[in-house]
Amino acid sequence: MLYIYDTMKRKYIAFQPLCDNKVKMYVCGITAYDFCHVGHARASVVFDIIYRYLLYKGYDVIFVKNFTDVDDKIINRANKEGKNWQDVSQQFIKEYYTDMEALYIKKPTFEPKASEHIKDMVDFIKKLIEKDYAYVSEGDVYFSVKKFRNYGKLSHKKIEELKVGARIEPSEKKRNPLDFALWKKSKEGEPEWESPWGKGRPGWHIECSTMCMHYLGETIDIHGGGEDLIFPHHENEIAQSEALTGKTFAGYWIHNAFVKINKEKMSKSLGNFFTIRDILKKYRGESLRMFLLLAHYRNPIDFSLEGIEMAEEALNKLYMLLWRVEENLKNPSNGLKDKELEEALIKFNKSFIDILDKDFNTPKAFGEIFVLIREINKYLDKCENENEKPDKKYLEAFITIRISIKDILGIMNESAEKWFKGKIDVNLIEQRIKQREEERKKGNFKKADKVREELLKMGIILEDTKEGTRWKTTKEQI
RNA sequence: GGCGGCGUAGCCAAGUGGUAAGGCAUGGGUCUGCAAAACCCUGAUCCUCGGUUCGAAUCCGGGCGCCGCCUCCA
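Let us look at the structure shown here.

Details of empty space enclosed by the protein
Space left empty within the atom packing is revealed by a probe, the size of a water molecule, rolled over the atoms.
Link 1 in the chain: Across all of its chains, the model carries two cavities of 30 Å³ or more by this definition.
Link 2 in the chain: Considered as a void within the structure, the largest cavity measures approximately 70 Å³ in volume.
Link 3 in the chain: For the largest cavity, the full set of lining residues is Val45, Val46, Ile49, Ile50, Leu292, Leu293, Ala295, His296, Tyr297, Phe360 and Thr362.
Link 4 in the chain: Of all the elements in the fold, those that place two or more residues in the lining of the largest cavity are helix H1 (38-56) and helix H9 (285-293).

Section: the sheet that holds strand E8 (residues 200-202)
Link 1 in the chain: With antiparallel pairing, four strands are arranged side by side in an open sheet as E5-E6-E7-E8. With partners counted over all chains shown, the strands left at the sheet margins are strand E5 (134-137) and E8, one partner each. For this sheet the average axis-to-axis angle between neighbouring strands, irrespective of direction, equals 20 degrees.
Link 2 in the chain: Sheet topology note: the E5/strand E6 (residues 140-143) ladder contains four bridges and is antiparallel. Paired with Val136 across the strands is Val141, a residue of E6.

Observations concerning the layout of surface pockets
Link 1 in the chain: In this structure, the second largest pocket encloses a volume near 820 Å³.
Link 2 in the chain: Lining the second largest pocket are 29 residues, and of these Glu327, Thr465, Lys466, Glu467 and Gly468 lie nearest its centre.
Link 3 in the chain: Elements with a contribution of two residues or more to the lining of the second largest pocket: helix H10 (305-328), helix H12 (362-385), helix H14 (416-421), helix H15 (426-442) and strand E15 (468-473).
Link 4 in the chain: Here the lining of the second largest pocket is composed, by residue class, of eight nonpolar, seven polar and 14 charged.

What about helix H6 (residues 204-216)?
Link 1 in the chain: Between its first and last C-alpha, H6 extends 19 Å over 13 residues, near the 18 Å set by a 1.5 Å rise per residue.
Link 2 in the chain: For H6, a buried count of 10 out of 13 residues is recorded, marking the element as mostly surrounded by other parts of the structure.
Link 3 in the chain: Burial in H6 covers these residues: His205, Ile206, Glu207, Cys208, Ser209, Thr210, Met211, Cys212, Met213 and Leu216.
Link 4 in the chain: Of the residues one or two after H6, Gly217 is the one with positive phi, at around 100 degrees.

Section: the nonpolar core
Link 1 in the chain: Of all hydrophobic cores here, the largest spans 95 residues; its most connected members are Leu54, Leu288, Phe352, Leu409 and Ile411.
Link 2 in the chain: Two domains each provide a minimum of three residues to this core, namely domain 1 (3-279) and domain 2 (305-419).
Link 3 in the chain: Setting aside residues up to four positions removed in sequence, Ile411 forms contacts with Glu286, Arg289, Met290, Leu293, Leu315, Leu318, Phe366, Ile405 and Lys406.
Link 4 in the chain: Grouped together as the second largest cluster of nonpolar side chains are 41 residues, Phe124, Tyr151, Leu178 and Trp197 included.

Observations concerning helix H13 (residues 392-409)
Link 1 in the chain: The end-to-end C-alpha distance of H13, which contains 18 residues, comes to 25 Å, matching closely the 26 Å that a straight helix rising 1.5 Å per residue would cover.
Link 2 in the chain: Within the sequence span of H13, burial applies to Tyr394, Leu395, Phe398, Ile401, Arg402, Ser404, Ile405, Ile408 and Leu409.
Link 3 in the chain: At its buried positions, H13 is contacted by H1, H9, H10, helix H11 (339-357) and H12.
Link 4 in the chain: The N-terminus of H13 is capped by Asp391, whose side-chain oxygen sits 2.8 Å from the backbone nitrogen of Lys393.
Link 5 in the chain: Looking one or two places after H13, you find Gly410, whose phi comes out positive at around 70 degrees.

The rules we used
Residues numbered from 1 in each chain as written. Chains lettered and ligands numbered in written order. Predicted model: local features only at pLDDT ≥ 70, side-chain atom pairs only at ≥ 80, totals over all residues. Heavy atoms only, no water. 1 Å grid on protein atoms, 1.4 Å probe; cavity = no way out; pocket = protein on both sides within 12 Å on 5 of 7 lines; lining within 4 Å. Points joined across faces, edges and corners; volume = space filled by probe spheres on them. Helix = DSSP H or I, 4+ residues; strand = E, 2+ residues; numbered from the N terminus. Pairing = 2+ DSSP bridges. Axes fitted to C-alpha atoms, helices over the stretch in contact; angles between N-to-C directions. Nonpolar A, V, L, I, M, F, W, Y, C, P; charged D, E, K, R; others polar. Expected span 1.5 Å × (residues − 1). Buried < 20%, exposed > 50% of the residue type's maximum accessible area, 1.4 Å probe, protein only. Core = buried A, V, L, I, M, F, W, Y, C linked by side-chain atoms within 4.5 Å. Domains from an automatic or database assignment. Contact = heavy atoms within 4.5 Å. Polar contact = N/O pair within 3.5 Å; in protein donor to acceptor, adjacent residues only side chain to side chain.

This is the structure in structure tokens:
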């Protein structure tokens, strides 16, 4: 049974979709005005895991993740660079896909853009005005917060206390400082669309409600995003949506914690961010993904390069075993039986799912994976020491587990060979290894060592095993 | 001011009432021609003070430190 921590109820709730095994999930995506940073990577990876896990559990998931492509920041950047806003948003949506691919993010079912749903938003706003939840003011349209009785139920804020905060910009156009714009009258040089209230463009919050309902209906199962969206974005989404339909907007609210850097939130405005692209220059996408999954999604992560390196080392350990297993499976046989390993495999299969069922506890799941890996390595050591063949049923059991890890966690996506060797000239290296082998047979260890050193300088590490010499690259090479 | 979170070995990080998973790093060992890999061993009483309890890292209360949201933000 899957338990999810719900932001609104502030506790773990057994997950039960509205309609038998169909799950409708909406996650707020990015505003396409710049390269994504590690914080965006986290949100993407977190909801990717949730999506993958729900699929693994057999749910029929419709997953919608939007692009905000009409927005002040996009317009500003476009103006600055003398482009039009579509150029900017299109470019960064493209960059986004490059990053997501590197992180092994599974494509959502739908990825709508706000600009493609303006008409739906206008209709949405019209109805809110008809229902007297919204009002027109000098070409703008605002949502009247005090008309929505449950305002604040997600973030547990009280309207009266919000006013004390005094950071809300007062506007003469608003009746109440908390009211938020559904529609903004356009200014010079801004994108604009026709509406009953004059030319303008939608406010930010309305796009998500509109697209969410368009693709998923009035009530969905899961709505998610980064912690910083709880207030006001998601609070406003609830207000608009429930004002319109009178129905519950979402059953479960899931929010991921931030990536921090030197204990501070990583963010564009603070300027303390690493883009995904920065990381990808030196590390592999899978290492960044691993780094993010080694902490629980509701706990903040302190970002550091050392952290990525640690994650990459951990990943190497997984791939080393995969390599070993793949090599052994080239000559499958009915070999040595081992009761302890058998038990470890059974135990793993049960606990892996139990752990993920408790609010997607990926770090704990990895703990369990490493325990299993040790057991298999121990078994393979034993086979080697006793000159026995490993039994293929254990090896195949691991391959099956590996597929689950790959499908659910998006880790161990490559073959071990590819992971360790990358794009290197294989022939040249294997020639040198042969030469070294001959020297070793003659007992010319000095010459043999010279080859090893030489290759090491090229970024190649040699490893002698019972089956012969194998090689991999140093991390600098990849 | 309101709401919320965090503080666990050198570093990262699970655990949320029954006596501390896992990863990385260090040191020692087994294996190896030497290595690498792998395996074994090595290490914390959980910020602090007090309370509840047979029993708390885990619950309650008081401190200290750090962070987030209340403004655009994943």
